[in-house]
Amino acid sequence: MTPPSPVLRPYRPEDREALFDICVRTGHQGGDARHLYADPGLLPNIFAAPYAVLEPELAFVVEDGGRAVGYILGTADTASFVDRYRAEWLPGLAEHYPAPVREPATPTEQMTALMHDPERMILPELADYPAHLHIDLLPTHQRSGHGRRLMDAFLDALHEQGVKAVHLGMLSANTGARAFYDRVGFHEIAVPGDDDVTYLGRSIQ
């Protein structure tokens, strides 16, 4: 008997464990980041969970065998998200992840510094692309069309909200991800500063 095909559906709160797992296992240039961070909750609490909690209407997963194996999530308005993140999300993390008191020297310290600086997401060069997103698929389910399906669902949801454009930030070294974003219509946005990060955007029409 042929097993059922993976399905795309809205995120549910019971997907939280899988969401965290996917985020960590794709958190190092698209590959496994578990060797870099002793706390498996660190990356997801920055790049995944706050979106699923604060804007669940923009969170979608691919489910296979009863478990999420990929997700897309984000915000329709980056500036509003930053305000809500600082007011509603960060206070619940501050005790477990205190703000750094010195220049970050380790991967964990660097990520903790990012956690406490949501305003880093507001850049003048991105003002015409108010929405932003994060998308991750386990390696077992990449290059099978699931990424495009997730992207289409997210863009359709933004379109329904009247959003005109979206952006994302990615590590420049992740050439596989860049090829995917090129295929689904993203273009590079010139943002001066860190050459290790590339910003991409696209219109939603």
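Scroll up for the structure.
Residues numbered from 1 in each chain as written. Predicted model: local features only at pLDDT ≥ 70, side-chain atom pairs only at ≥ 80, totals over all residues. Heavy atoms only, no water.

Asks: How should the pattern of salt bridges be read in this particular structure?
Replies: Opposite charge on two side chains lets them pair, provided their charged atoms get close. Applying the stated criterion across every chain yields a total of nine salt bridges. One salt-bridge network, in which partners are shared between bridges, spans Arg9, Asp15 and Glu63. (Salt bridge = Lys/Arg side-chain N within 4 Å of Asp/Glu carboxyl O.)

Asks: Help me understand the packing of aromatic side chains, please; the structure alone is not making it clear to me.
Replies: The geometry of two aromatic rings is summed up by the distance between their centres and the angle between their planes. Under the counting rule described, the total for this entry stands at four aromatic pairs. Each residue in the set Tyr51, Phe81 and Tyr85 is aromatic and connected to the rest through ring pairs, giving one cluster. (Phe/Tyr/Trp six-rings, centres within 6.5 Å; stacked < 30°, edge-to-face > 60°.)

Asks: In this structure, what is going on with unusual backbone geometry? I would like to understand it.
Replies: Excluding glycine, residues mostly carry a negative phi; peptide bonds, for their part, are mostly trans. Phi angles above zero are rare outside glycine, and glutamine 29 is one such case at about 50°. Tracing the backbone through its elements, the reader meets glutamine 29 in the loop between α1 (16-25) and α2 (42-47). Residue glutamine 29 is classed as partly exposed on the basis of its relative accessible area, which comes to 42%. Although it is not a glycine, arginine 143 adopts a positive phi angle of roughly 60°. (Helix = DSSP H or I, 4+ residues; strand = E, 2+ residues; numbered from the N terminus. Buried < 20%, exposed > 50% of the residue type's maximum accessible area, 1.4 Å probe, protein only.)

Asks: In this structure, what is going on with the nonpolar core? I would like to understand it.
Replies: Looking at soluble globular proteins, one finds that nonpolar side chains tend to be buried together. Leu133, Met151, Leu158, Val166, Tyr181 and Phe186 are the most contacted members of the largest nonpolar core, which totals 60 residues. Of the residues forming this core, the biggest block, seven residues, is contributed by helix α6 (residues 146-160). Non-local contacts of leucine 133, meaning those with residues more than four positions away in its chain, are made with Ile72, Leu73, Gly74, Met151, Phe154, Val166, His167, Leu168 and Phe186. (Core = buried A, V, L, I, M, F, W, Y, C linked by side-chain atoms within 4.5 Å. Contact = heavy atoms within 4.5 Å.)

Asks: Help me out: how do you make sense of α1 in this one?
Replies: Here α1 has its buried residues at Ala18, Leu19, Phe20, Ile22, Cys23 and Val24. Where the residues of α1 are buried, they touch α2, α3 (49-54), β3 (67-75) and β4 (131-137).

Asks: Teacher, can you tell me more about helix α7 (residues 175-183) here?
Replies: Along an α-helix, residues three or four apart share an orientation, since each turn contains 3.6 residues. Ala177, Phe180 and Tyr181 are the residues of α7 that are buried. In a view along the axis of α7, the buried residues occupy a sector of 95°, so they form one face of it. Those residues of α7 that are exposed and angled more than 90 degrees off the buried face are Thr175 and Arg183. Where α7 is buried, its residues touch β4, α6, β5 (165-171) and β7 (197-203). Count one or two residues on from α7 and you reach glycine 185, which has phi positive near 95°. (Arc of directions from axis to C-beta.)

Asks: What exactly am I supposed to notice about the side chain of arginine 9 here?
Replies: Within the secondary structure, arginine 9 is located in strand β1 (residues 7-10). Note on arginine 9: relative accessible area 9%, which makes it buried. Only 2.6 Å separates the side chain of arginine 9 from the side chain of glutamate 63, close enough to count as a polar contact. Those residues within four positions of arginine 9 in sequence are excluded, and the remaining contacts are Asp15, Phe60, Val61 and Glu63. (Polar contact = N/O pair within 3.5 Å; in protein donor to acceptor, adjacent residues only side chain to side chain.)

Asks: What am I meant to see in the sheet that holds strand β6 (residues 187-189) here?
Replies: Pairing between the strands of a sheet is mediated by backbone hydrogen bonds and can be parallel or antiparallel. Read across the open sheet, the seven strands follow the order β1-β2-β3-β4-β5-β7-β6; overall the sheet is mixed. Across the chains shown, the open sheet's two edge strands, defined by having one partner strand only, are β1 and β6. Here the strands of the sheet are splayed against their neighbours by 30° on average, with no regard to which way each runs. Direction of pairing for β3 relative to β4: antiparallel, over a ladder of six bridges. Its bridge partner lying in β4, glycine 70 is registered against leucine 137. Strand contacts of helix α4 (residues 78-89): β3, β4 and β5, with the helix running at about 75° to β4, the strand carrying the most contacts. Along the sheet face, α6 touches β1, β2 (60-64), β3, β4, β5 and β7 and points at about 155° away from the line of β4. (Pairing = 2+ DSSP bridges. Axes fitted to C-alpha atoms, helices over the stretch in contact; angles between N-to-C directions.)

These values are about where atoms sit, not about what they do.
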